[in-house]
Amino acid sequence: MDFRLRNWAGIASLAALLSCGLAAGQEKVPDWSKVQIKVTRVSGNIYMLEGQGGNIAASVGEDGIVIVDDEFAPLAEKIQAALKNLGVTDKPVRFVINTHYHGDHTGGNAPFTNTGSTVIAQDNVLKRLTSGGTAGNGGSVKMENKPAEKAALPIITFEHDVTVHLNGEDIRALHFPAGHTDGDAIIFFPKNNVVHMGDDFVRYGFPFIDVAGGGSVQGMIDGVEKAAALLPADVKVIPGHGALSNLDDVRAYVKMLKETSAVVQKAIDAHKTLDQMKQEKILGPWQKWSNDFVNADIFIETLYNSLTGHKGDFVKHN
Ligand SMILES: [Zn+2]
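This one's a predicted model, so the numbers in the text were calculated from it and none came from an experiment.

Trainee: How should the overall build of the protein be read in this particular structure?
Mentor: Counting its secondary structure elements, the protein contains nine helices and 14 strands. By the burial criterion, 57% of the 318 residues in the protein qualify as buried. Once local pairs closer than 6 in sequence are excluded, the contacts in the protein between residues at least 24 apart make up 67%. For the protein, the exposed area adds up to about 13400 Å²; of that, 51% sits on carbon and sulfur atoms.

Next comes the structure, spelled out in structure tokens:
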């Protein structure tokens, strides 16, 4: 199945279409003027913002605002207005932490930088935003990324971890290698008992794994398990996409990732081809995780490419 998305706005639109039950192929650039920013108080001074694209976490307090991810550029003003409307502080968004490089999480970097915020991300986020290239599952899912403009680039990068000390909290970004991408960070708010997992944990079903962008299913499993081991049982989990979650939701997701990758590995060991795996519907028992973005065939292909190290062609733009 040839399933191509033109850009991250297409993904955002698809995610919106999912809830309407419309088929893939009808994606289009969203009408940004219609997007509303829904704000949910998660715990203490931590909020979750949902508009179009990845979920945003916000620490809002006396020192100002720190946000995790920033959706798309046309939504930056609405995001800033939603934060101001909380009535907690008139201080600006001082820091933006990116969970990874994808445009539905970093698209707002430039307008936030241009209004005084400092963007922080893992080293590989800077590399991939700078170079541009093709994101994808190593097969039929491909998305072209142009090199980002200067204002969209992180100013501060880190290799392993960084901590932002604001609003009485040690907000910690911790890098987990080769999961959803090669630049993933999971962000911990320990005082408020909240975590933002980026796209290492999503709620739309089978996840997109950017194999071409250095991601892998094994890294995703390892990262989420290691992060979960650091968290209290009653932690509130903000997923990269979808509703506020808890550790049971995370465990069910990891269980699915382990089971499905074991099934595909077994088929690889039995020298089955990708086509045979699809024809035999080897992920049939996990059908409820199939979705319009990553259906069972695309997830078989993703796992196959991840487990065999087939990354596809990562094409650099000059
Ligand atoms: Zn992503």
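Trainee: Hey, could you run me through the sheet that holds strand 2 (residues 46–50) in this one?
Mentor: Sheet strands pair by backbone hydrogen bonding; their relative direction is either parallel or antiparallel. Pairing is mixed across the open sheet formed by seven strands, whose spatial order is 1-2-3-4-5-6-9. Edge strands, defined here as strands with exactly one partner in the open sheet, are strand 1 (38–43) and strand 9 (156–158). Between one strand axis and the next, the sheet turns through 20 degrees on average, direction left out of account. The pairing of strand 2 with strand 3 (residues 56–61) spans four bridges and is antiparallel. By the bridge assignment, Met 48 is partnered in strand 3 with Ala 57. Lying over the sheet, helix 5 (residues 123–131) contacts strand 6 (118–122) and strand 9, oriented at roughly 105 degrees with respect to strand 6.

Trainee: It is not clear to me how the nonpolar core should be interpreted in this structure. Could you clarify?
Mentor: In globular proteins that are soluble, nonpolar side chains generally tend to be buried together. Residues Met 197, Phe 206, Tyr 253, Leu 283 and Phe 299 are the most contacted members of the largest nonpolar core, which totals 52 residues. At the level of secondary structure, the elements contributing two or more residues to this core comprise helix 5, strand 12 (185–189), helix 6 (217–229), helix 7 (247–269), helix 8 (274–279) and helix 9 (296–308). With nine residues, helix 7 is the single largest residue contributor to this core. Discounting chain neighbours no more than four positions away, the residues touching Met 197 are Ile 186, Val 224, Ala 227, Leu 231, Val 237, Ile 238 and Val 250.

Trainee: Sorry if this is basic, but what is going on with the sheet that holds strand 11 (residues 169–175) here?
Mentor: Read from one edge to the other, the open sheet built from five strands follows the order 10-11-12-13-14, with strand pairing classed as mixed. Each end of this open sheet is capped by a strand with a single partner; those strands are strand 10 (161–166) and strand 14 (236–238). Recorded for the sheet is a direction-independent mean angle of 20 degrees between the axes of neighbouring strands. The pairing of strand 13 (residues 194–196) with strand 14 spans three bridges and is parallel. By the bridge assignment, His 196 is partnered in strand 14 with Ile 238.

Trainee: I keep staring at the pattern of salt bridges and nothing clicks. Help me out?
Mentor: Note that side chains of opposite charge can pair when their charged atoms are close. Enumeration according to the criterion identifies nine salt bridges in this entry. Of the charged contacts, one joins Arg 172 and Asp 161 as a salt bridge, the two residues approaching to 3.8 Å between their closest N and O atoms. Here Arg 172, found in strand 11, pairs with Asp 161, found in strand 10; they are 11 residues apart in sequence, far enough to count as distant. Taking relative accessible area as the criterion, Arg 172 reaches 32% and is therefore assigned partly exposed. When its relative accessible area of 31% is taken as the criterion, Asp 161 is described as partly exposed. The salt bridge partner of Arg 251 is Asp 248, with a shortest N-O separation of 3.2 Å. With Arg 251 and Asp 248 both in helix 7 and three residues apart, this pair spans about one turn of that helix.

Trainee: In this structure, what is going on with the coordination of the zinc ion? I would like to understand it.
Mentor: Within the protein, the zinc ion binds to His 100 (NE2), His 102 (ND1), His 180 (NE2) and Asp 199 (OD); these donor distances fall in the range 2.2 to 2.3 Å. What the four donor atoms of the zinc ion show is an angle range of 85 to 172 degrees at the metal, which sorts the shape as irregular. For the zinc ion, the single-chain donor residues occur in sequence as H-x1-H-x77-H-x18-D. Here the residue His 180 occupies a position in the loop between strand 11 and strand 12, and Asp 199 occupies one in the loop between strand 13 and helix 6, the gap between them amounting to 19 residues. Accessibility classification places His 180 together with Asp 199 in one group, the buried group.

Rules used in this analysis
Residues numbered from 1 in each chain as written. Predicted model: local features only at pLDDT ≥ 70, side-chain atom pairs only at ≥ 80, totals over all residues. Heavy atoms only, no water. Helix = DSSP H or I, 4+ residues; strand = E, 2+ residues; numbered from the N terminus. Buried < 20%, exposed > 50% of the residue type's maximum accessible area, 1.4 Å probe, protein only. Contact = heavy atoms within 4.5 Å. Areas by Shrake-Rupley, 256 points an atom, 1.4 Å probe, with all protein chains shown as cover. Pairing = 2+ DSSP bridges. Axes fitted to C-alpha atoms, helices over the stretch in contact; angles between N-to-C directions. Core = buried A, V, L, I, M, F, W, Y, C linked by side-chain atoms within 4.5 Å. Salt bridge = Lys/Arg side-chain N within 4 Å of Asp/Glu carboxyl O. Donors = N, O, S within 2.8 Å, 3.2 Å for Na, K, Ca; no water. Tetrahedral: all angles 85-135°; square planar, octahedral: opposite > 155°, others 65-115°.

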